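# Breakdown of the fold
Read off the chains here:
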Amino acid sequence: VSSVGVGRDSTWNNIIGGQSGASHIEAFDAAGWPTDFACEVKDFTLPAGSVDLDYRRYLNRPMSFGLAAALEAMTDSEVEGCVDPYRFAVSVGSNIGALPASFISAYLQAMHRQEHLPVKKLVGECRNRDALKNHPGTLAGLLSMRWNARGLPTTIQTACASSGQSLGHAFQ
């Protein structure tokens, strides 16, 4: 799942076709910023079967990307039901969770103007569901439940290196 395509085939075809993932920012109002373009994932819909419908309320946008990618990987691998659930685990490489682009934009604009930062507003409005939506470990738990992975779910949080470290951890 990327700005170049959703799914292996569309991503690969767009890459070899020379398609750029950059376009005008749509996630928030970029007026007044030094740039108005970015690489955003557009036209994304969480595929059916990615997660139990009861858990959708705990998802944020990046988690939905992870669930969709996992569904494609599990479908392609054909390992579902072929691996002992207690020898099957999930390892997710993550950054810091996810905050809505509109909040990040408002936060950065306030910092630029040296105004009072909206952190108090964010904390005051936080509910348990919001905490789960923004906790990096939630995706590993949801994937473990979806694919009956009974091994230890792990979330590696080391910024840009997290995906590589998560793969190394899974390989061990």
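Look a little higher up for the structure.
First things first, this report covers the structure right here in the doc.

Calculation criteria
- Residues numbered from 1 in each chain as written.
- Predicted model: local features only at pLDDT ≥ 70, side-chain atom pairs only at ≥ 80, totals over all residues.
- Heavy atoms only, no water.
- Helix = DSSP H or I, 4+ residues; strand = E, 2+ residues; numbered from the N terminus.
- Contact = heavy atoms within 4.5 Å.
- Polar contact = N/O pair within 3.5 Å; in protein donor to acceptor, adjacent residues only side chain to side chain.
- Axes fitted to C-alpha atoms, helices over the stretch in contact; angles between N-to-C directions.
- Left-handed = near helix turned anticlockwise from the far one by under 90°.
- Nonpolar A, V, L, I, M, F, W, Y, C, P; charged D, E, K, R; others polar.
- Phe/Tyr/Trp six-rings, centres within 6.5 Å; stacked < 30°, edge-to-face > 60°.
- Buried < 20%, exposed > 50% of the residue type's maximum accessible area, 1.4 Å probe, protein only.

### Things to note about the side chain of Ser-94
- Among the structural elements, Ser-94 can be located in strand E3 (residues 91–94).
- If sequence neighbours within four positions are ignored, Ser-94 has contacts with Pro-136, Thr-155, Ile-156, Gln-157, Thr-158, Ala-159 and Ser-162.

### A closer look at the environment of Tyr-86
- Here Tyr-86 is to be found in the loop between helix H2 (61–77) and E3.
- Residues Tyr-86 and Gly-151, spaced 65 residues apart in sequence, show a C-alpha to C-alpha distance of 5.0 Å.
- Setting aside its immediate chain neighbours within four residues, Tyr-86 contacts Arg-150 and Gly-151.

### A word on the side chain of Thr-154
- Along the polypeptide, Thr-154 turns up in strand E4 (residues 154–157).
- A distance of 3.4 Å separates the side chain of Thr-154 from the backbone oxygen of Leu-152, its partner in a polar contact.

### Describing the packing of H2 against helix H6 (residues 137–146)
- Interhelical geometry of H2 versus H6 gives an angle of 35° and a closest axis separation of 10 Å. Of the two elements, H2 crosses H6, and the hand of that crossing is right-handed. Contacts from Met-63, Gly-66, Leu-67, Ala-70 and Leu-71 in H2 reach Thr-138, Leu-139, Leu-142, Leu-143 and Arg-146 in H6.
- Residue composition of the contact of H2 with H6, grouped by class: seven nonpolar, two polar and one charged.

### Here we look at the packing of aromatic side chains
- What the rule picks out here adds up to one aromatic pair.
- Each ring, one from Phe-44 and one from Phe-65, has its centre 4.9 Å from the other, and the planes form 85°; the classification is edge-to-face. You can see Phe-44 sitting in the loop between strand E2 (37–39) and H2 and its partner Phe-65 sitting in helix H2, a full 21 residues away along the chain. Assigned by exposure class, Phe-44 and Phe-65 land together as buried.

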